[in-house]
Amino acid sequence: MKQPSQDPTALATLPADPDQVNVPQWVLVNLTHPSALFKKVELDLNSIHKTAAGGVTVWSRDTYIDEQVVSTTETYRIGETRYRFDCARKLFNIDYVHTREGDGALVRSRPTAIATRRTDNPIPPRSLISAEADLACSYAEKL
């Protein structure tokens, strides 16, 4: 099996959104509870956009401690998710998901099914996603 690149600068400049023109600004999400699952969780501040409905979209990158096994032919170390947050109502949805190898090579890229995106989900308090939403929403207020 191919060993992942240990060059942190390679991932630091890799945007989750292939159409993004600005260099990503990945910042660590402050996790209030230690995680045995993630090595680090980051948001790309340059991917934050306000929506017409008063929410925000943002890309998140989760680097797992252990390789994640989807099947005998598909594994990944990094998950990237494009979230839609309704900051006022504390709701979220997922638009897009990428999985990557540890060196950043794309494993899979897929949009969330439209039927799944029709209903927003409540953001659980004191959760990883609440920490991501808090950071994205507070940053979006400054835009």
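Heads up: these notes are all about the structure in this document. Bear in mind the structure is a predicted one, so any value in this text is a computation, not a measurement.

## Quick notes on the packing of aromatic side chains
Here is step 1: All told, the structure shown has five aromatic pairs when counted by the stated rule.
Here is step 2: Centroid distance Trp-59 to Tyr-96: 6.4 Å. Interplanar angle 55°. Geometry classified as tilted. Of this pair, Trp-59 sits in strand β4 (residues 56-71) while Tyr-96 is found in strand β6 (residues 91-100), placing the two residues 37 residues apart along the sequence.
Here is step 3: Relative accessible area serves as the criterion here: at 31%, Tyr-96 is assigned to the partly exposed category.

## Some details on unusual backbone geometry
Here is step 1: A positive phi is found at Lys-90, a non-glycine position, where the angle reads about 55°.
Here is step 2: Its place among the elements puts Lys-90 in the loop between β5 (74-86) and β6.
Here is step 3: A positive phi is found at Arg-126, a non-glycine position, where the angle reads about 50°.
Here is step 4: Counting through the fold element by element, Arg-126 comes out in the loop between β8 (121-122) and α3 (128-140).
Here is step 5: Here Arg-126 falls in the exposed class, since its relative accessible area comes to 67%.

## Some points on the pattern of salt bridges
Here is step 1: This model, assessed by the stated rule, comprises eight salt bridges.
Here is step 2: Glu-80 is the partner of Arg-61 in a salt bridge, and the nearest nitrogen-oxygen pair spans 2.9 Å. Placement of Arg-61 in strand β4 and of Glu-80 in strand β5 is noted, with a sequence separation of 19 residues between them.
Here is step 3: Arg-108 is paired through a salt bridge with Glu-74; the nearest N and O atoms lie 3.2 Å apart. Taken together, the residues span a long stretch of sequence, with Arg-108 in strand β7 (residues 106-111) and Glu-74 in strand β5 at a distance of 34 residues.
Here is step 4: Overall, the relative accessible area of 36% leaves Arg-108 in the partly exposed class.
Here is step 5: The exposure class of Glu-74 is buried, given its relative accessible area of 12%.
Here is step 6: A single salt-bridge network, built from bridges that share partners, covers Arg-82, Arg-84, Asp-95 and Asp-120.

## Section: the state of the cysteines
Here is step 1: Across all of its chains, the model carries one disulfide by this definition.
Here is step 2: Across the disulfide from Cys-87 sits Cys-137; the S-S distance is 1.9 Å. With the S-S bond torsion at -85°, the cross-link from Cys-87 to Cys-137 turns out left-handed. You can see Cys-87 sitting in the loop between β5 and β6 and its partner Cys-137 sitting in helix α3, a full 50 residues away along the chain.

The rules we used
Residues numbered from 1 in each chain as written. Predicted model: local features only at pLDDT ≥ 70, side-chain atom pairs only at ≥ 80, totals over all residues. Heavy atoms only, no water. Phe/Tyr/Trp six-rings, centres within 6.5 Å; stacked < 30°, edge-to-face > 60°. Helix = DSSP H or I, 4+ residues; strand = E, 2+ residues; numbered from the N terminus. Buried < 20%, exposed > 50% of the residue type's maximum accessible area, 1.4 Å probe, protein only. Salt bridge = Lys/Arg side-chain N within 4 Å of Asp/Glu carboxyl O. Disulfide = S-S within 2.5 Å.

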